[in-house]
Amino acid sequence: MSGTLYLVPTPIGNLGDISRRMADTLAQADFIAAEDTRVTMKLLNHLELRKPMVSYYRHNTEHSGKAILERLLAGESCALVTDAGTPAISDPGEELVALCAGHGVPVVSVPGPCALVTALAASGQPTGRFTFEGFLAMNKKNRRRHLESLAGEERTMIFYEAPHKLTATLADMAEVFGPDRPISLCRELTKLHEEVVRTTLGEAMERYNQTPPKGEFVLVIRGAEPKEAPVATLDDGLERVNRLREQEGLSLRDAVKRAAKELGLSRNELYQLAVEQ
Ligand code: SAM
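The rules we used
- Residues numbered from 1 in each chain as written.
- Predicted model: local features only at pLDDT ≥ 70, side-chain atom pairs only at ≥ 80, totals over all residues.
- Heavy atoms only, no water.
- Salt bridge = Lys/Arg side-chain N within 4 Å of Asp/Glu carboxyl O.
- Helix = DSSP H or I, 4+ residues; strand = E, 2+ residues; numbered from the N terminus.
- Buried < 20%, exposed > 50% of the residue type's maximum accessible area, 1.4 Å probe, protein only.
- Contact = heavy atoms within 4.5 Å.
- Expected span 1.5 Å × (residues − 1).
- Arc of directions from axis to C-beta.
- 1 Å grid on protein atoms, 1.4 Å probe; cavity = no way out; pocket = protein on both sides within 12 Å on 5 of 7 lines; lining within 4 Å.
- Points joined across faces, edges and corners; volume = space filled by probe spheres on them.
- Domains from an automatic or database assignment.
- Near = heavy atom within 4 Å.
- Polar contact = N/O pair within 3.5 Å; in protein donor to acceptor, adjacent residues only side chain to side chain.
- Areas by Shrake-Rupley, 256 points an atom, 1.4 Å probe, with all protein chains shown as cover.
- Sits in = over half its atoms within 2 Å of the grid points.
- Nonpolar A, V, L, I, M, F, W, Y, C, P; charged D, E, K, R; others polar.
- Pairing = 2+ DSSP bridges.
- Axes fitted to C-alpha atoms, helices over the stretch in contact; angles between N-to-C directions.

Draft legend 1. Spotlight on the pattern of salt bridges. Considering all chains together, one arrives at 18 salt bridges under this definition. Where E239 meets R243, a salt bridge forms, and the shortest distance between an N and an O atom there is 3.6 Å. A residue pair is termed a helical-turn pair when its members lie 3 or 4 positions apart in one helix, as E239 and R243 do in helix α9 (residues 234–248) at four residues. A relative accessible area of 34% places R243 in the partly exposed class.

Okay, here's the thing in structure tokens:
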């Protein structure tokens, strides 16, 4: 029987966020696959754990993924960790999960720290419907194309961004979404200098042009205002009544009833107009 792949989130800045289940899972796994073994070694030292580790990072996912899969198929269990946060979320892991799922290896995702959820919850933006867009491309053309595809997006949008790219990204966002669009800049979450700046894209640009941004950022941007459905007029209603009568053979009364309901019009006014036409 094959072993299990455990996805183990790690703190995004505060070691107090280590959960008992996370520590137990690391302790019980046969081996750990880590994005950067030096970073994970610090965590293991903190937990007073010693474990065999293999490296699994963005540029060796194919080779290392196959080796991990073989060990899992042979019955060992593996805990996958990244430098911070939840594996497979803008971090290595997505391919390994797909590989394991394709070979019938059980995958267990241990819940825990994730920057996007932490930021969304604190953002003050609507949380009911959101879209996570990860990192924008380095290349300006691709970045603009990505943003333009979101021009009409009504859900709250979440982006990861590096500090050295922030001002250029805010400038592009202000051009595509408009300078008045609300944004929450969630910086250094769970750390000493944690800060959530709730402002607009235009003001955020000014702020970070004056004071260069430092630290890790999640950008949470309000979605576009919903487009109002065009309001139907009585003339539209009359047209619909006539079509219903011609095409479906409805009586005047039934056609008016249906057209008024479909278009949100007053039944009496539409009936009056229809008898007078
Ligand atoms: N897998 C991780 C997760 O679950 O959040 C994300 C890894 S991704 C490579 C790193 C990005 O996450 C950073 O560039 C930043 O946008 C965001 N991030 C990570 N830790 C953060 C923190 N403490 N505060 C704000 N953003 C953070």
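Draft legend 2. How the structure looks around the environment of P126. By secondary structure assignment, the location of P126 is in the loop between α5 (115–123) and β6 (130–135). Assessed through its relative accessible area of 42%, P126 is described here as partly exposed. Taking the C-alpha atoms as reference points, P126 and I221, separated by 95 residues in sequence, lie 9.5 Å from one another. In contact with P126, other than residues within four places in its own chain, are L120, T156 and R222.

Draft legend 3. Expanded view of α9. Taking 1.5 Å of rise per residue, 15 residues should cover 21 Å, and α9 covers 20 Å from first to last C-alpha, within 8% of that figure. Taken as a whole, α9 has its buried residues at G237, L238, R240, V241 and L244. Viewed end-on, α9 has its buried residues packed into an arc of 165°, placing them on one side of the element. Facing away from the buried side of α9 by over 90 degrees, the exposed positions are D235, E239, E246 and Q247. Here the buried face of α9 lies against α10 (252–263) and α11 (267–276).

Draft legend 4. A look at the layout of surface pockets. Put simply, the largest pocket is a space of about 430 Å³. Every residue lining the largest pocket is counted, 24 residues in all, and those nearest its centre are A84, A115, F135, Y160 and E216. Of all elements in the fold, only β7 (156–161), β8 (182–187) and β10 (217–221) reach the threshold of two or more residues within the lining of the largest pocket. Mapped onto the domain boundaries, the lining of the largest pocket takes at least three residues apiece from domain 1 (5–109) and domain 2 (115–221).

Draft legend 5. Just the site of the ligand, in detail. With respect to spatial proximity, 19 residues lie near the ligand, and among them T86, I89, A115, Y160 and F217 are the closest. Note that a nitrogen atom of the ligand is positioned 2.9 Å from one of the backbone N or O atoms of I12. The backbone of L189 places a nitrogen or oxygen atom 2.9 Å from a nitrogen atom of the ligand. Protein burial of the ligand: of its 580 Å² of free accessible surface, 91% is covered by the chains. In this structure, the ligand is accommodated by the largest pocket. Of all the secondary structure elements, the ones that give two or more residues to the shell around the ligand are β7 and β10. Of the residues assigned to the shell around the ligand, the class counts are eleven nonpolar, three polar and five charged. When residues of the shell around the ligand are sorted by domain, at least three fall in each of domain 1 (5–109) and domain 2 (115–221).

Draft legend 6. Inspection of unusual backbone geometry at higher detail. One non-glycine residue, S90, lies in the positive phi region at around 50°. Positive phi, normally seen in glycine, also occurs at E188, with a value near 50°. Turning to its location among the elements, E188 is positioned in the loop between β8 and β9 (195–200).

Draft legend 7. Structural context of the domain arrangement of the protein chain. Partitioning the protein chain into domains gives domain 1 (5–109), domain 2 (115–221) and domain 3 (234–276). A separation of 48 Å is found between the C-alpha centroids of domain 2 and domain 3.

Draft legend 8. Representation of the sheet that holds β7 in the model. Taking strand neighbours across the sheet as the criterion, the five strands line up as β6-β7-β10-β8-β9 in an open arrangement whose pairing is mixed. Where the open sheet ends on each side, the last strands, each with one partner, are β6 and β9. Neighbour to neighbour, the strand axes of the sheet diverge by 20° on average, direction disregarded. Note that β8 and β10 share five bridges and pair antiparallel. Pairing of L185 across the sheet is with L219, part of β10. Relative to the sheet, helix α8 (residues 201–210) contacts β8, β9 and β10, its axis offset from that of β9 by approximately 125°.

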